[in-house]
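# Structural description and commentary
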Amino acid sequence: MRLRRFTEPVFESLIKISGYSTGFIVLLIVIFLFKEGISFFNLSPVDEGSSLWVHNSNPVKKLTAPQIKDIFDQKITNWKALGGNDQPISLCTLDELGEAFTEEQLGAKFERLPACIDSYIDSLPGTIGFFPDKQTANALKNAQPVQVDKVSFSKFISGTEWFPTSRPAASMGVMPLLLGTLLVSFFAILFALPLGLAAAVYLAEIADERVRRILKPVIELLAGIPSVVYGFFGLVVIVPLVQSTFNLPVGETALAGSIVLAIMALPTIITVSEDALRTTPRAMKEASLALGASQWQTIRKVVVPYAASGITAAAILGIGRAIGETMAALMVTGNSAIMPRSLLQPVRTIPATIAAELGEAPFGGLHFKALFALGCILFIITLIINFLVERVSAKRVR
Amino acid sequence: MGNKLETIDVNLYYGDFHALKGISMFISENSVTALIGPSGCGKSTYLRLFNRMNDLIPNTRIEGQVLLDGEDIYQIKPSKIDHLRRNVGMVFQKPNPFPKSIFENVAYGLRVNGITDKSFIGAQVEKTLRQAVLWEEVKDKLKKSAFELSGGQQQRLCIARALAIEPSVILMDEPASSLDPISTGKIEDLIFELKNLYTIIVVTHNMQQAGRVSDYTGFFYLGNLIEFDKTKKIFTNPSKPETENYITGRFG
Amino acid sequence: MTHLQSELKSLKGDILEMWQLVVNQLNKGKEALTNFDRDLAEEVVENEKRVNSFELKIDRDCENIFALFQPVATDLRLVLASLKICNNLERIGDIACSVAEFVLDADTDFNKSILESTKILEMYGVANEMVADTLEAFDQEDTRLARTMFKRDKILDQIDQNALDRVEESIKNHPNQVRNSLLVMSMIRKLERVGDQSKNIAEEIIFYFEAKVVKHKKKKQKEGDE
Amino acid sequence: MTFPESNLRRKKLGQALMFGLARAISYGIVAILLLILFFIVKQGIGVVNWRFLTAMPENGMTQGGIFPAIVGTLYLVAGSMLFAFPVGVMAGIYVNEYAKEGPVKRFVKMMTNNLAGVPSIIFGLFGMALFVNELNFGASILAGSLTLGLLALPIVIRTTEEALKSVDDTFRQASYALGGSKLYTVRKVVLPIALPNILTGLILAVGRVSGETAPILFTVAAYFLPKLPGSVFDQCMALPYHLYVISTSGTQIEASRPMAYGTAFVLVVIVLIVNILATLLRNYFGKKVKMN
């Protein structure tokens, strides 16, 4: 008895703490995700500890990350295109210096390297150089450092290029990933919703009890199959099928992703909408039949409108699942981070990007943080979706 | 007043359960007939014979004849059941308007039966809302959801909905049991008014209600029709001791 | 109008009609006595059947209203009052009939001086007025008028109390009219009852409109605070 | 009133058409889903034998078995449940038995719903940030189990809550009436009655956890590790991750395809057994409770 007086409060406080655990975890997720994600902004897209230099006479003093990428990919070859003088751009990195100067000139320990760089740039006014700060010692007379736009939120959101590992400056625009995610999810729901709704109507209103008792558990069972298995199935069956049907060079496309995600979303949509359809009061259906309506008219005009909020919730829930789905998307969409133009193109979704790149991104680096920022976007989307589902379900008629 | 409806030795089984035992009864035109009795006595089941609502429950078996205007409604083709249900309207225990606007609720029966003429539908909606003494209360908010009405208004809307396709018979299954006394009174007055145009059968738990609204009363007990007579007779001098016990509350 | 209201209205109509009939019966009876109109007296006796059938009908209606509508409050009081008023009216109807029968029993005209000295005509008049006024009180919801019954009944009582002496006197004065004098005596005894019935009716009217029970109360309370 | 006959005929035709369509779609969906199962079973069953289940992977994972992946998954499931089950059940008790109706309860439930809706890859990110880096567990069974445990938590909480909710209030009142304290009542009366349904929830959570890939990508999973883990701070292989690896990023994808089918088959069988078990348990006890 005495022991119980001591243990009961302990247990009860444990229970209370556990009760708050989910709130605590959500809070932790927010903290850790956003800590990394937000610190990503206001970093320079150029490798840490390196800078870009141009000749003092060059009027171009500011460049954006995509411009730098284009310069180093030699897509832009004249300063005129960047608003500067009409002179060709020449690139200069440590490699070029190695060819232009002898070891003697550079010095045994590269101690004369800054001077060499200085003279090299001076000799070629159209040059742009990319050197670690160690080597330049920030002391070039004939050259000035180029200011590079910091990663800003608006650029991150609106950027249309995702080259997180390109050097010297990484381009990190979310647009292609976001659109890829939305495209795949949207078409997944477009395929799944009518089919799922039809099946839900069949199960809830048309099928007799015997058939229902067989079909429903099968559908529920299939909700439990791991996404990686669906992904694998998509990879070995759907992808080749898409490839041969549309005569494509590769079968890993947005379409394949949509189909696989649609199949995965079906059990959720069917179960949730069927539950919603079943809440229609029997008297309401009977009232419709008593007015001479056919069973189908009753379903279309009374049962489905009555369950509308539940069906909407099912659709939103399905979209949420599809947007957050990682493995299946990773395995069948082709993972090409370009702006999606058609369904028959490879695309890359946000979760797939995180899954594919986090392993290779150096810890704490720009890329790593960019992936956390992606995680933040995904998290916010899911919060919005949860909120919508809650709102829609709460609106349900009595 | 001729016999609008008639049942001849009707038996009804739900699976093994014998729910109606040889019921013979007639219901005259333009009258209100009340069916009373304790829960599970078969009165609602009997009511649902007349628009074949019992068909919706699996394992239901029906014997005997149910005549509407002299025609056995259980001999008609299955495809004519819609036709029957157009002719026999029904009002349910709880107000159950559809999740639609007030207007669309009343127009529903017209639309599902293939009527597309907009002006006709509009006129018919107004006419039936007036019949249901609801028009003045809702004429300015026909486009609003039917759920915004009070319980009593919803039930009158459901009555209007049943009237809109101009049935000749209206079945009411405890139409006021979920309403407050004021709304109940309005529904009862409405029933009293409507009998000039329709043949009405009303199932009720509430004996007083049967007394107030009906011309004839049938007392059901354990699937049997114990007594069927003029309401005044049943309530002042019933012939069967079971009826007497029930209406005086000395039951069981 | 609700179903119950229409039923009550028709009940009230029946009561008023019966009431009017009874008032007419009394008036005709008085006229028959005054003019020794045997035909009129016979008509009164004949009409008694109508009064009785009214009573049966109203009784049955009240029973139905109780059984089917369970009236409450003012509706309940109306039905209860109707039931009792109808009962009293029937008795007044009986009295009118009896008086008419007494008229028929007479073998000669009533001597004017007998009618005068016994004050029977005055009494008859007051009784008729009382019944007619209860009718008006009921119809006009006039409980003041109803309350006057308690005073007016005293007039009848007074006449009734003096009747024995006066009839004795008239027998002495008119030895050839002994039978008629005795009939007058019987009539007075009957008519005295009309006052009591009117008082009962007045009590029911007050009960109906004011929900006050004035039966078996002292005089002051009965006659109100006027 | 007259009703236009042609419209009425169309109404009957429409019904027949739509009903047929709905039925065809329903059977079609079930057929597709069964086809997936059938396909994996058909392709995988030939690969699976005793050696496949008990041997280490060999030859760049084109031969040998998947023993370490099976063991790793078992460890991860056990580890995650060790965390999620007690915390989840207690949280469920809190929500249904202790929390009063009001903003606090609404908040807790909302957070549980939110957590349930968070995509698994976010759990992976979070697990990496918190367990692997911040708490310095490294990529380890501990970090992976905790991450999976977080993912399973809302499932356990919700099923516990539902199970407790279905316990009739009269049981509680009877216990209180006899002087039982709240905790005593919950422990001795409510929990035993709700236990079968809580266990069903546990089993469902096991099914979910054993198939998850994204949360373990960065927290524990090893690409190739032909030995069994020695401690909770070791990395390990896991079935779902193994399937992902050998079907997409192995060095010899074509050659390892049979291994992939085998792995998928084993994974599916585990998940199906777990789910069927949960269904049977629920039906069995569901009937028993009804009988009482």
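It should be emphasised that the depicted structure is a prediction, and the values quoted were computed from it without experimental measurement.

### Quick word on the overall build of chain D
Of the regular secondary structure elements, chain D holds ten helices and two strands. Shown N-terminal to C-terminal, the secondary structure of chain D runs as helices and strands in the order α-α-β-β-α-α-α-α-α-α-α-α. Computed over C-alpha atoms, the radius of gyration of chain D comes to 24 Å, more than 25% over the 19 Å expected from 2.2 N^0.38 for 292 residues, which places it beyond the range of a compact globule. Principal-axis analysis of the C-alpha atoms places the extent of chain D at approximately 75 × 70 × 35 Å. The burial tally for chain D puts 53% of its 292 residues in the buried class.

### A word on the side chain of Arg86 of chain B
Residue placement: Arg86 of chain B occurs in helix α2 (residues 81-87). Each residue touching Arg86 of chain B, except ones within four places of it in the same chain, is listed here: Leu291 and Gly292 of chain A, Asn113, Ile165 and Pro167 of chain B together with Phe3 and Leu8 of chain D.

### A look at the interface of chain D and chain B
Between chain D and chain B, the residue contacts involve eight residues of the former and 14 residues of the latter. A combined buried area of about 870 Å² lies between chain D and chain B, and 59% of that area is made up of carbon and sulfur atoms. The three residues of chain D that bury the most area against chain B are Met1, Phe3 and Lys11 of chain D, which together make up 61% of that side's buried surface. Between chain D and chain B we count three residue pairs in polar contact (both at pLDDT 80 or more) in total. Taken together, the residues of the side of chain D that touches chain B sort by class into four nonpolar, two polar and two charged.

### So, the arrangement of the chains
Looking across the four pairs of chains in contact, one finds the most contacts between chains A and D. Between chain A and chain C there is no contact, and the shortest C-alpha to C-alpha separation is 28 Å. Left apart from each other, chain C and chain D have a closest C-alpha approach of 30 Å.

### Side note on the environment of Ser150 of chain B
Of note, Ser150 of chain B is situated in the loop between α5 (135-138) and α6 (151-163). When its relative accessible area of 37% is taken as the criterion, Ser150 of chain B is described as partly exposed.

### Re the sheet that holds strand β5 (residues 71-72) of chain B
Two strands in a sheet stick together by hydrogen bonds in their backbones, pointing the same way (parallel) or opposite ways (antiparallel). Residues and elements named next belong to chain B. Pairing in this open sheet of four strands is antiparallel, and the strands run β2-β1-β4-β5 from one edge to the other. The sheet is open, and its two edges are formed by β2 (17-28) and β5, each paired on a single side. Where strand β1 (residues 3-14) meets strand β4 (residues 60-68), eight bridges bridge the pair, whose relative direction is antiparallel. Bridge assignment links Glu6 to a residue of β4, and that residue is Leu67.

### Considering the environment of Leu83 of chain C
All names here are of chain C. Mapped onto the secondary structure, Leu83 falls in helix α3 (residues 73-105). On the basis of relative accessibility, which here comes to 28%, the residue Leu83 falls in the partly exposed class. Taking the C-alpha atoms as reference, Leu83 lies 7.2 Å from Ile58; in sequence the two are 25 residues apart. For Leu83, the residues in contact, after removing those within four places along its chain, are Asp59, Cys62 and Phe66.

### With respect to the sheet that holds strand β4 (residues 127-132) of chain A
All names here are of chain A. If you trace the four strands from one edge of the open sheet to the other, you get β3-β4-β1-β5, paired in mixed fashion. Of all strands in the sheet, those bounded by a partner on one side alone are β3 (90-92) and β5 (143-145). On average, each strand axis in the sheet is inclined to that of its neighbour by 25°, with strand direction left out of account. Pairing analysis gives three bridges linking strand β1 (residues 50-55) to β5, with the strands arranged antiparallel. Within the sheet, the bridge partner assigned to Trp53 lies in β5 and is Pro145.

### Some remarks on the pattern of salt bridges
Side chains that differ in sign of charge can pair as their charged atoms come close. Counted by the stated rule, this structure contains 42 salt bridges over all chains. Residues Glu205 of chain A and Lys285 of chain A are paired through a salt bridge, measuring 3.2 Å at the closest nitrogen-oxygen approach. Highlighted residues: Glu205 of chain A in helix α8 (residues 175-206) and Lys285 of chain A in helix α12 (residues 282-290), separated in sequence by 80 residues. Judged by its relative accessible area of 14%, Glu205 of chain A falls in the buried class. With a shortest N-O distance of 2.7 Å, Glu188 of chain B and Arg212 of chain B are connected by a salt bridge. Within this pair, whereas Glu188 of chain B is found in helix α7 (residues 181-194), its partner Arg212 of chain B is found in helix α8 (residues 207-213), the two being separated by 24 residues in sequence. A relative accessible area of 7% places Glu188 of chain B in the buried class. One network of salt bridges, with partners in common, ties together Glu209, Arg212, Lys216, Glu220, Glu274, Asp275 and Arg278 of chain A.

### Side note on the packing of helix α7 (residues 169-177) of chain D against helix α8 (residues 182-211) of chain D
Residues and elements named next belong to chain D. Closest axis-to-axis distance for the α7/α8 pair is 10 Å, and the angle between their directions is 145°. Crossing of α7 against α8: the hand is right-handed. Seen from α7, the contacting residues are Phe171, Arg172, Ser175 and Tyr176; seen from α8, they are Lys182, Thr185, Val189, Val190 and Ile193. Tallied by class, residues from the contact of α7 with α8 come to five nonpolar, two polar and two charged.

### A short note on helix α5 (residues 120-140) of chain C
When the terminal C-alpha atoms of α5 of chain C are compared, their 30 Å separation across 21 residues agrees well with the 30 Å that a helix rising 1.5 Å per residue should span. Of the residues trailing α5 of chain C, Glu141 of chain C is marked for its positive phi of about 55°.

### Regarding the interface of chain A and chain D
On the side of chain D, 74 residues touch chain A, which itself brings 74 residues to the contact. Taking both partners together, chain A and chain D bury about 6,700 Å²; carbon and sulfur atoms supply 80% of that area. When residues of chain A are sorted by the area they lose upon contact with chain D, Ile15, Phe232 and Trp296 of chain A head the list and together hold 10% of the total. On inspection of chain A and its partner chain D, the count reaches one salt bridge. We note a salt bridge from Lys35 of chain A to Glu134 of chain D, for which the minimum N-O separation is 3.6 Å.

What counts, and where the lines are drawn
- Residues numbered from 1 in each chain as written.
- Chains lettered and ligands numbered in written order.
- Predicted model: local features only at pLDDT ≥ 70, side-chain atom pairs only at ≥ 80, totals over all residues.
- Heavy atoms only, no water.
- Helix = DSSP H or I, 4+ residues; strand = E, 2+ residues; numbered from the N terminus.
- Rg over C-alpha atoms; globule rule 2.2 N^0.38 Å.
- Buried < 20%, exposed > 50% of the residue type's maximum accessible area, 1.4 Å probe, protein only.
- Contact = heavy atoms within 4.5 Å.
- Buried area = accessible area lost by both parts, 1.4 Å probe.
- Polar contact = N/O pair within 3.5 Å; in protein donor to acceptor, adjacent residues only side chain to side chain.
- Nonpolar A, V, L, I, M, F, W, Y, C, P; charged D, E, K, R; others polar.
- Pairing = 2+ DSSP bridges.
- Axes fitted to C-alpha atoms, helices over the stretch in contact; angles between N-to-C directions.
- Salt bridge = Lys/Arg side-chain N within 4 Å of Asp/Glu carboxyl O.
- Left-handed = near helix turned anticlockwise from the far one by under 90°.
- Expected span 1.5 Å × (residues − 1).

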